[in-house]
Amino acid sequence: MENESKSENTLEISDLPPEILEKILLYLPNNDKLVARLVSKYWMSIVVSSPRLNLTLYLVNCRLEKELISLLLQTELTFARIVFEECEIAEVADDQTEFWSKIGKNVKEIYIKSRHTRLDLAIDKGLKAAHFPKLKSLKLDMLPLFYELSSRGQHEWIKLLLQIENFTVHYLQNREVTKDVSILMPKVKNLRIDGCKNKTIQVLFNRVIFSEVQNLTIIFVSYQNLNLQKIFRTNFDGTLLRTLFLSQFYSWIDINFNLISEFFPNLEVLGIGIITKYQEHGSELKHKEIAEKLFKKPPLKELHFVTFRQTDDKKFKSFVRTDKGIEETNKKFRAFDEIQSLLQN
């Protein structure tokens, strides 16, 4: 009798309401979400119908052949992200319009990881910007491929770029691209550039017209100083910039203080990450001294520092402007965690 009562009062995970089960499934890796849909029809309905689960379609080391296209057309799953890596699209001669129309309808991000991904051929075979109505983010590991795609003048690729609000260029391979090209990305508000050289960033800002960037992160993993004069005396428009994070390996020199104010007159939040020291006319500056220099130029409200020397007891220092003057705060810039992770890996 006691066991029957206990059984009646036991709540199983399948008894949970869909919104609670959805929150639990959000913590699963992508592959486990796919497995979870096989537990029951109830779980399948949640995985398939929930836009928050953000399933990723990995097209990695594969050929987009008839069998794979047929399989994906039959699935009830929707995808929020597509990752292209070594994916051969050229092998398919058939019209892919139906395929991209189904797969792309909920995609918010496209990540291109390889120069062997021929999106130009996918466009020839039916991929259209209209198939990706929710697309807002583009991430690239290969900047030369980006230039090559753009130089072909394919109308659908150009229309895709006009949708992008979040643009990330990650670990560039700095192969020279001789063909000049002008690219419009007028809606980009969040721009992140990882692991580049001064010349590469300079070329990027001369070739791509960014007119709405509000948040810019440059993680400069190169054994030279970040040259602000070279990279920002370009076509880059920094007048709308509100948040800037700059990271580099060597010292932060005095000329940079004036350049920040010149290039970004409306900057409100500045983060600086370096591995050695801040200096002016050869003398090392303390964080508070730098804050006093930079806060002289309104409208800067927050200034964050991170150093990566193992000898530093306190790697993070942050300052805010208040009615009482400049005060140190425990607030930490989110990008610091990202750069720490990048350097450790």
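In the block above lies the structure referred to throughout.
Some points on the pairing of strand β5 (residues 166–170)
Stage number 1. The element β5 is largely enclosed, with a buried count of 4 among its 5 residues.
Stage number 2. One ladder, built from 4 bridges, connects strand β4 (residues 137–140) with β5; its direction is parallel. Bridge pairing in β5 places K139 opposite T168.
Stage number 3. By the bridge criterion, 5 bridges tie β5 to strand β7 (residues 190–194) in an arrangement that is parallel. Pairing of T168 across the sheet is with R192, part of β7.

Focus on the pattern of salt bridges
Oppositely charged side chains can form a pair if their charged atoms are brought close together.
Stage number 1. This model, assessed by the stated rule, comprises 8 salt bridges.
Stage number 2. K136 is the salt-bridge partner of E165, the closest N and O atoms lying 3.6 Å from each other. Of the two residues, E165 is situated in the loop between α9 (155–163) and β5 and K136 in the loop between α7 (119–124) and β4; the sequence distance between them amounts to 29 residues.
Stage number 3. For E165, a relative accessible area of 24% puts it in the partly exposed group.
Stage number 4. Between E262 and R233 there is a salt bridge whose closest N-O contact spans 3.0 Å. Separated by 29 residues along the polypeptide, E262 in helix α12 (residues 255–263) and R233 in the loop between α11 (228–232) and β10 (243–247) bring together distant segments of the chain.
Stage number 5. Residue classification places E262 among the partly exposed residues on the basis of a relative accessible area of 44%.
Stage number 6. Residue R233 is classed as partly exposed on the basis of its relative accessible area of 47%.

Topic: the pairing of β10
Stage number 1. Of all 5 residues in β10, 5 are buried, a share of seventy percent or more.
Stage number 2. Burial along β10 is two-sided: T243, F245 and S247 facing one way and L244 and L246 facing the other are all buried.
Stage number 3. Inspection of the sheet shows strand β9 (residues 215–219) paired to β10 by 5 bridges, in the parallel sense. Paired with N215 across the bridge in β10 is T243.
Stage number 4. Direction of pairing for β10 relative to strand β11 (residues 269–274): parallel, over a ladder of 5 bridges. From the neighbouring strand, L244 faces β11, where its bridge partner is L270.

Comments concerning the environment of I193
Stage number 1. Tracing the backbone shows I193 in strand β7.
Stage number 2. The class for I193 is buried, based on a relative accessible area of 1%.
Stage number 3. Residues I193 and F167 lie 26 residues apart in sequence; the distance between their C-alpha atoms is 8.6 Å.
Stage number 4. Those residues in contact with I193 that sit more than four places away from it in its chain are V169, I201, L204, F205, T217, I218 and I219.

A short note on α9
Stage number 1. For α9, the full list of buried residues reads E156, W157, L160, L161 and Q163. All buried residues of α9 fall inside an arc of 155° around its axis, so they share one side.
Stage number 2. Of the surrounding secondary structure, the elements contacted by the buried residues of α9 are β3 (109–112), α7, β4, α8 (143–151) and β6 (183–184).

Some remarks on the nonpolar core
Stage number 1. In this structure, F146 and F167 are the most contacted members of the largest nonpolar core, which totals 84 residues.
Stage number 2. Sort the elements by how many residues they give to this core and α8 lands first, with 5 residues.
Stage number 3. When residues no more than four places from it in sequence are discounted, the contact partners of F146 are L140, W157, L161, F167, I183, M185 and V208.

Here we look at the side chain of T217
Stage number 1. Structurally, the position occupied by T217 is in strand β9.
Stage number 2. Setting aside residues up to four positions removed in sequence, T217 forms contacts with L191, R192, I193 and F245.

Details of a nonpolar patch on the surface
Stage number 1. Together, I13, I20 and I24 make up an exposed nonpolar region whose accessible area comes to about 230 Å².
Stage number 2. Position of I24 relative to the elements: it lies in helix α2 (residues 18–25).

The rules behind these values
- Residues numbered from 1 in each chain as written.
- Predicted model: local features only at pLDDT ≥ 70, side-chain atom pairs only at ≥ 80, totals over all residues.
- Heavy atoms only, no water.
- Buried < 20%, exposed > 50% of the residue type's maximum accessible area, 1.4 Å probe, protein only.
- Helix = DSSP H or I, 4+ residues; strand = E, 2+ residues; numbered from the N terminus.
- Pairing = 2+ DSSP bridges.
- Salt bridge = Lys/Arg side-chain N within 4 Å of Asp/Glu carboxyl O.
- Contact = heavy atoms within 4.5 Å.
- Arc of directions from axis to C-beta.
- Core = buried A, V, L, I, M, F, W, Y, C linked by side-chain atoms within 4.5 Å.
- Patch = residues over 30% accessible without salt bridge, like charges linked within 9 Å, V, L, I, M, F, W, Y side chains within 5 Å.
- Areas by Shrake-Rupley, 256 points an atom, 1.4 Å probe, with all protein chains shown as cover.

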